[in-house]
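Per-entry structural report
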Amino acid sequence: MSVKIEESWRKVLADEFEKPYFQHLLNFVRGEYATTTVYPPGPAIFHAFDACPFDQVKVVILGQDPYHGKGQANGLSFSVAEGVRTPPSLQNIFKELQDDIPTTPPPASGNLDRWAQQGVLLLNATLTVRAKEPGSHQKKGWEQFTDAVIQKISQQKEHVVFILWGPMPRRKARSSMRKSTWLFARPTRRPTPPTGAFSVPALSAKPTLTCSSMASHR
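Residues numbered from 1 in each chain as written. Predicted model: local features only at pLDDT ≥ 70, side-chain atom pairs only at ≥ 80, totals over all residues. Heavy atoms only, no water.

Turning next to the packing of aromatic side chains. The tally for this structure, following the rule as stated, stands at twelve aromatic pairs. An angle of 85 degrees between the planes, with centres 5.1 Å apart, marks the rings of W9 and F54 as edge-to-face. You can see W9 sitting in helix α1 (residues 7-12) and its partner F54 sitting in the loop between α4 (47-51) and β2 (59-63), a full 45 residues away along the chain. Both residues of the pair, W9 and F54, belong to the buried class. With a centroid separation of 6.0 Å and an interplanar angle of 70 degrees, the aromatic rings of F46 and W142 are classed as edge-to-face. You can see F46 sitting in the loop between β1 (38-39) and α4 and its partner W142 sitting in helix α7 (residues 142-156), a full 96 residues away along the chain. Taken as a pair, F46 and W142 share a single burial class, namely buried. Grouped by ring-pair contacts, the aromatic residues W9, F17, Y21, F22, F46, F49, F54, W142 and F145 constitute a single cluster. One residue, K157, lies across the ring of F54, its end atom 5.3 Å from the ring centre. (Phe/Tyr/Trp six-rings, centres within 6.5 Å; stacked < 30°, edge-to-face > 60°. Helix = DSSP H or I, 4+ residues; strand = E, 2+ residues; numbered from the N terminus. Buried < 20%, exposed > 50% of the residue type's maximum accessible area, 1.4 Å probe, protein only. Lys NZ or Arg CZ within 6 Å of the ring centre and 35° of its normal.)

On to the nonpolar core, then. W9, F46, L121, F145 and I153 are the most contacted members of the largest nonpolar core, which totals 54 residues. Not counting chain neighbours up to four residues away, the residues in contact with F145 comprise L13, E16, F17, Y21, F22, F46, F49 and L127. (Core = buried A, V, L, I, M, F, W, Y, C linked by side-chain atoms within 4.5 Å. Contact = heavy atoms within 4.5 Å.)

In regions of low pLDDT, the predicted coordinates are not meant to be interpreted in detail. Overall, the predicted model of the protein reaches an average pLDDT of 82, with 75% of residues at or above 70. The model gives residues 188-202 a pLDDT under 50, and that stretch makes 34 contacts with residues more than four places away or in other chains. Segment residues 206-218: pLDDT under 50, and 45 contacts once partners within four positions in sequence are set aside and those in other chains are kept. (pLDDT = per-residue confidence, 0-100.)

For an α-helix the count is 3.6 residues per turn, leaving residues at separations of three or four pointing the same way. Counted at 1.5 Å a residue, the expected span for α7 with its 15 residues is 21 Å, and the 21 Å between its end C-alpha atoms agrees. Regarding α7, the residues found buried are W142, E143, F145, T146, A148, V149, I150, K152, I153 and S154. (Expected span 1.5 Å × (residues − 1).)

Quick look at the pattern of salt bridges now. Tallied over the full model, the rule gives seven salt bridges. Between E82 and R114 there is a salt bridge; the shortest N-O distance is 4.0 Å. You can see E82 sitting in the loop between β2 and α5 (88-100) and its partner R114 sitting in helix α6 (residues 113-116), a full 32 residues away along the chain. The exposure class of E82 is partly exposed, given its relative accessible area of 47%. The closest approach of N and O atoms between E133 and R130, which form a salt bridge, is 3.7 Å. Looking at R130, the relative accessible area reads 28%, which means it is partly exposed. Within the structure, one salt-bridge network assembled from shared partners comprises E32, R130 and E133. (Salt bridge = Lys/Arg side-chain N within 4 Å of Asp/Glu carboxyl O.)

Below you can see the structure in the form of structure tokens.
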């Protein structure tokens, strides 16, 4: 089955693309794009993979599903396109980064492509969503696909850091990865986190995720 995705990921996930559930998923997604408004734009569905080839993955930041507002989602979890107002969930990530690394400069935008280019796979549990309907493409097959992505990374790569935001990503990753994988869980994706939500310095705690790689978002 032909899927437009970066070549190294195509090889790693080749067997997944041939499974019946993935064909059903593609048929569903194509039908949704043909009949309603869906985010991100079609060419950006696999942008997380295109921007961060398999052999370059050092960190995985796992979210739930894409932003469902007009013009927000760009195919990277938590990221938005240039010129789009930074959503509260991403503001929380920037706040944690600055709390963890006080010398971090203020972000120039909410576009996280520069993180992806430095080895951060910004992956959502589901890769598409209907406009203004959060969670609308859950339980359609994306979870099985992204479970396979996590398993491939965990099985074939060493010392990858997983940062999980919200209950779904935590359940998902813990059921899919090796025990030797470094794991940092975040309590919530809500705009206003509870006291202590930013207390663990996960963003720079391991050598695979250096200060410079996360701070270079200007």
